[in-house]
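Here is how the chains run, residue by residue.
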Amino acid sequence: MNKKVEIHELGSKDFKETWEYQERLFKEILDIKIKNRREEAGLETPNYFLFVEHPHVYTLGKSGDISNLLLSEEELKEKQATFYKINRGGDITYHGPGQIVGYPILDLDNFFTDIHKYLRFLEEMVILTLSEYGIQATRSDGETGVWLDVGTPFARKICAMGVRASRWVIMHGFALNINADLGYFDNIVPCGIKGKAVTSLNVELGQRKVNIDEVKEKLLRHFKTLFEAEFITQKTEV
């Protein structure tokens, strides 16, 4: 088992370019697993964790409903936003400036072979991080992600999640709203869930701008504890 995780800080990067980069890393891990099985080579599989901030983009999961995008192609251009139908689970979501997007690309054979547990650990990482800001977040039954005031008329989502898995290798991940422009969520039915709002950490803190790097450090600390991981020196990829 290799529990070392290489952290890549990508900065601000186009969604499609990042998606292609994820796919390369995902394929790299799968190829090693296939080679190990074929040749019994015993090679270790690597693990990665990408942090990125995307320009305005809407993405639709493979089981999503296109009607949950409320903009025409022309309106997307007017808002300087792009749209992609992608190969993760879940419905439609938005990524943009002021949001932390995290893409763990892991071989779960190095940790535990349980997708449900993996998603719960990602949620717990976010819940523990938000608690450090005095925000009481939780899960919502049957709805992946992290929420506030579940079970009340004021329920709102602060973190969306969606993953793809093959041979216990996972990609895609989570999007946590920190200083996000929530107006962009008005152009979709977020995650295909009607009648529930979306929020951002800065809104919950009374419009105080939040240091995104500080939040990333907290997320990584909790990830390291939950997954019993070891981090390799952070790398910046272009």
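First things first, this report covers the structure right here in the doc. Owing to the predicted nature of the structure, the values given are computational and were not obtained by experimental measurement. (Residues numbered from 1 in each chain as written. Predicted model: local features only at pLDDT ≥ 70, side-chain atom pairs only at ≥ 80, totals over all residues. Heavy atoms only, no water.)

## Concerning the sheet that holds strand 3 (residues 57–60)
Point 1. Spatial strand order, 4-3-5: three strands in an open sheet with mixed pairing. This sheet does not close on itself; its edge strands, each paired only once, are strand 4 (82–85) and strand 5 (92–95). When strand polarity is set aside, the average angle formed by the axes of neighbouring strands in this sheet is 20°.
Point 2. In the packing of helix 1 (residues 15–39) onto the sheet, contacts are made with strand 3, strand 4 and strand 5, and the angle to strand 4 comes to roughly 30°. (Pairing = 2+ DSSP bridges. Helix = DSSP H or I, 4+ residues; strand = E, 2+ residues; numbered from the N terminus. Axes fitted to C-alpha atoms, helices over the stretch in contact; angles between N-to-C directions. Contact = heavy atoms within 4.5 Å.)

## As for the environment of Gly 61
Point 1. Here Gly 61 lies in the loop between strand 3 and helix 2 (73–78).
Point 2. Its relative accessible area of 0% is what places Gly 61 among the buried residues.
Point 3. Along the primary structure Gly 61 and Tyr 84 are separated by 23 residues, whereas in three dimensions their C-alpha atoms are 8.9 Å apart.
Point 4. When sequence neighbours within four positions are dropped, the list of residues in contact with Gly 61 reads Lys 85, Ile 86, Arg 88, Gly 89, Gly 90 and Asp 91. (Buried < 20%, exposed > 50% of the residue type's maximum accessible area, 1.4 Å probe, protein only.)

## Focus on a negative patch on the surface
Point 1. Taken together, the side chains of Glu 73, Glu 74, Glu 75 and Glu 78 present a region of like negative charge at the surface.
Point 2. Here Glu 75 shows up in helix 2. (Patch = residues over 30% accessible without salt bridge, like charges linked within 9 Å, V, L, I, M, F, W, Y side chains within 5 Å. Areas by Shrake-Rupley, 256 points an atom, 1.4 Å probe, with all protein chains shown as cover. Salt bridge = Lys/Arg side-chain N within 4 Å of Asp/Glu carboxyl O. Lys, Arg positive; Asp, Glu negative; His and termini not counted. Charge placed at Lys NZ, Arg CZ, Asp CG, Glu CD.)

## Here's the deal with the pattern of salt bridges
Point 1. Scanning the model with the defined rule gives 15 salt bridges in all.
Point 2. Its salt-bridge partner being Lys 13, residue Glu 17 comes within 3.4 Å of it at the nearest N-O pair.
Point 3. With relative accessibility at 10%, the residue Lys 13 sits in the buried group.
Point 4. Sharing partners across several salt bridges, the network here consists of Arg 120, Glu 123, Glu 124 and Arg 139.

## Examining the packing of aromatic side chains
Point 1. Using the criterion set out here, one finds 15 aromatic pairs in the structure.
Point 2. Ring plane angle 75° and centroid distance 5.1 Å describe the contact between Tyr 94 and Phe 185, whose orientation is recorded as edge-to-face. With Tyr 94 in strand 5 and Phe 185 in the loop between strand 10 (169–177) and strand 11 (197–198), the pair connects residues that are 91 residues apart, well separated along the chain.
Point 3. On the basis of relative accessible area, Phe 185 is assigned to the buried category, the value being 7%.
Point 4. Pairing Phe 121 with Phe 227 gives two aromatic rings, centres 5.4 Å apart and planes at 90°, and the pair type is edge-to-face. With Phe 121 in helix 3 (residues 115–131) and Phe 227 in helix 5 (residues 212–227), this pair connects stretches of sequence that are 106 residues apart. (Phe/Tyr/Trp six-rings, centres within 6.5 Å; stacked < 30°, edge-to-face > 60°.)

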